[in-house]
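Understanding the architecture of this molecule
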Amino acid sequence: MLSETAAALGVASLRVLRRPGRRPEVETPGIWFSMSHTGDLTVCAVATSNVAIDVEQKNEPREGRLAGAVPTGFFTAEEQKMIARDPSRLLPVFTAKEAWAKYRGLGLSLGFGSFDEASVVAEDPGVEFTRVFIDGAICTACHQAGEDLVVSRRSLSPQQLEAGAAIDRSERSR
């Protein structure tokens, strides 16, 4: 999937490098990628500068758990109020936070309640959040403003899902 997405930027082949405690990257200079999955849906974003993407399926148990009692640690006070007024804002806010954390290379250690989209853009005006429209899901990419961005999506087979889960388990155990 990564190779197919990168081909849209004219990149013929890629080799992924995995290092403990760091996000995967490619050897090809000037090419960045990010992948995310939820259920059987996987998205891949490729750009010529830093890029990160997150996707969440709508109407999944996780969304219900988050919306039922908006966790204070994940959202700023203003976001909590907004989500309480309009629960449909939960996943767009959450995917933007996930994408920013991946963009920074810090993952969940970033402290999601310490920032919101407006504060990110104020701190770094070169950053842009792009909503990617996918039926049944909410997807947000974080990238350099004005950057060419290629995003692809695919539903994976059970075998592909298990292979990806095995890689995830292996990397988390390091």
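Just above sits the structure.
What counts and how
- Residues numbered from 1 in each chain as written.
- Predicted model: local features only at pLDDT ≥ 70, side-chain atom pairs only at ≥ 80, totals over all residues.
- Heavy atoms only, no water.
- Pairing = 2+ DSSP bridges.
- Helix = DSSP H or I, 4+ residues; strand = E, 2+ residues; numbered from the N terminus.
- Axes fitted to C-alpha atoms, helices over the stretch in contact; angles between N-to-C directions.
- Core = buried A, V, L, I, M, F, W, Y, C linked by side-chain atoms within 4.5 Å.
- Buried < 20%, exposed > 50% of the residue type's maximum accessible area, 1.4 Å probe, protein only.
- Contact = heavy atoms within 4.5 Å.
- Salt bridge = Lys/Arg side-chain N within 4 Å of Asp/Glu carboxyl O.

**Quick look at the sheet that holds strand 3 (residues 32-38)**
Pairing within the open sheet is antiparallel, and its 3 strands lie in the order 3-4-8. This sheet does not close on itself; its edge strands, each paired only once, are strand 3 and strand 8 (149-155). This sheet shows a mean twist of 15° between the axes of neighbouring strands, independent of strand direction. Examined bridge by bridge, strand 3 and strand 4 (residues 41-47) share 7 bridges and lie antiparallel to one another. By the bridge assignment, Thr-38 is partnered in strand 4 with Leu-41.

**Side note on the nonpolar core**
Counting residues in hydrophobic clusters, the biggest one holds 19 residues, and the most contacted among them are Phe-75, Trp-100, Tyr-103, Val-120, Val-127, Phe-129 and Cys-142. Listing elements by their share of this core, those giving two or more residues are helix 4 (90-104), strand 6 (127-134) and strand 7 (137-144). Looking at this core, the element that brings in the most residues is helix 4, giving 9 residues. Not counting residues up to four positions away in its chain, the partners in contact with Cys-142 are Asn-50, Val-51, Ala-52, Ala-99, Trp-100, Tyr-103, Val-127, Glu-128 and Phe-129.

**Considering the pattern of salt bridges**
By the definition in use, this model includes 5 salt bridges. Residues Glu-79 and Lys-97 are paired through a salt bridge, measuring 3.0 Å at the closest nitrogen-oxygen approach. With Glu-79 in helix 3 (residues 77-85) and Lys-97 in helix 4, this pair connects stretches of sequence that are 18 residues apart. The burial state of Glu-79 is the same as that of Lys-97; both residues are buried. A salt bridge links Glu-117 to Arg-131; its shortest N-O distance comes to 2.8 Å. Placement of the pair is Glu-117 in helix 5 (residues 117-123) and Arg-131 in strand 6, with a sequence separation of 14 residues. Looking at Glu-117, the relative accessible area reads 29%, which means it is partly exposed. With relative accessibility at 29%, the residue Arg-131 sits in the partly exposed group.

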